[in-house]
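Residue-level structure breakdown
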Amino acid sequence: MKHTPLIVRILGGALLVAVAAVSLIHPMYTRGECACILASAQRGKPYILGTAGPDSYDCSGLALDAYGRFGCELVHSAQFIGYDDSYATVEDPSDLRPGDLIFFDTVSDKDRCDHVGLWLGMNRFVHASSSEEVVMISELDEKWQGRYSWGKHILEPYAFTAANEIDAAAREWVRACIARFAPAEEETA
C-alpha cells in the first residue's frame, strides 16, 4: 500500500488537514478518522441545498462526499441514511466513534432524522449547517443534545496499519489538531 502524505495548511488561523490524493489513504489513521479529516477540511465552504461538493455542501452531501472517497455509497438524504438499517445504530452519544454519522431532529415533524454530521470525538462534530449557511464544527452542547436522535457506525473502525502504538499516536495527533486549531464555531440562535 502506498503512503499518502498529509498536507497541512494554515488558512485564516485554522489548521486544515487534507488527504493529498483521495484514492490513497494514509496508513496511520482509521477510515473514520480520514473521513473526519476530509470533512473538516471543507470548513468554511457554503451550505447550498442539494450539493455534495467540491465547492459547496448540504448536510448529507458532506457525508456523501467524505464517505464516497472510501467507496461507501450513501444516498443524498439525511433521512434515508438515518433510517437505513444496514448500519449499526448508536443510541448513546458516548458510544460514538470518530467518523460515525450523527443524526438530529431539527424540524418539528414526525421525522426524527432531519440533519446529519460526522462525529469527530471530543464532543464535536462537523456538519453543513443550513442556519449558519456554512460547513462548520459544533459542540454537542445542550442545544444539540436535545436534538440528538442517534448515530450510525458507517465504516469499520480498523486502522490501516498493524502498529497499534503508532495508530494511538496518530489518533492523539488528530484529536490535538481538532482541539487546538478547529474549535467549535459560535452559532447564532
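The structure this text deals with has already been given above.
Residues numbered from 1 in each chain as written. Predicted model: local features only at pLDDT ≥ 70, side-chain atom pairs only at ≥ 80, totals over all residues. Heavy atoms only, no water.

**Here's the deal with the packing of aromatic side chains**
- By the definition in use, this model includes 5 aromatic pairs.
- Ring centres of Phe 104 and Tyr 148 lie 6.4 Å apart, and the angle between their planes is 75°; this geometry places the pair in the edge-to-face category. With Phe 104 in strand 4 (residues 101–104) and Tyr 148 in strand 8 (residues 148–153), this residue pair connects regions lying 44 residues apart in the sequence.
- What makes Phe 104 buried here is its relative accessible area of 0%.
- Of the residues examined, Tyr 148 reaches a relative accessible area of 12% and is grouped as buried.
- Between Phe 125 and Trp 144, the ring centres sit 5.3 Å apart and the planes meet at 80°, which makes this aromatic pair edge-to-face. Of this pair, Phe 125 sits in strand 6 (residues 124–129) while Trp 144 sits in helix 4 (residues 142–145), and the two are 19 residues apart along the sequence.
- By relative accessible area, Phe 125 is classed as buried at 0%.
- Taken together, the ring pairs in this structure connect Phe 104, Phe 125, Trp 144 and Tyr 148 into an aromatic cluster.
- Note that Arg 147 overlies the ring of Trp 144, its terminal NZ or CZ placed 5.6 Å from the centroid. (Phe/Tyr/Trp six-rings, centres within 6.5 Å; stacked < 30°, edge-to-face > 60°. Helix = DSSP H or I, 4+ residues; strand = E, 2+ residues; numbered from the N terminus. Buried < 20%, exposed > 50% of the residue type's maximum accessible area, 1.4 Å probe, protein only. Lys NZ or Arg CZ within 6 Å of the ring centre and 35° of its normal.)

**Details of the environment of Arg 97**
- If you trace the backbone, Arg 97 turns up in the loop between strand 3 (88–90) and strand 4.
- Assessed through its relative accessible area of 28%, Arg 97 is described here as partly exposed.
- A C-alpha to C-alpha distance of 9.7 Å links Arg 97 and Leu 118, two positions 21 residues apart in sequence.
- Polar side-chain contacts of Arg 97 include one of 3.2 Å to the side chain of His 153. (Polar contact = N/O pair within 3.5 Å; in protein donor to acceptor, adjacent residues only side chain to side chain.)

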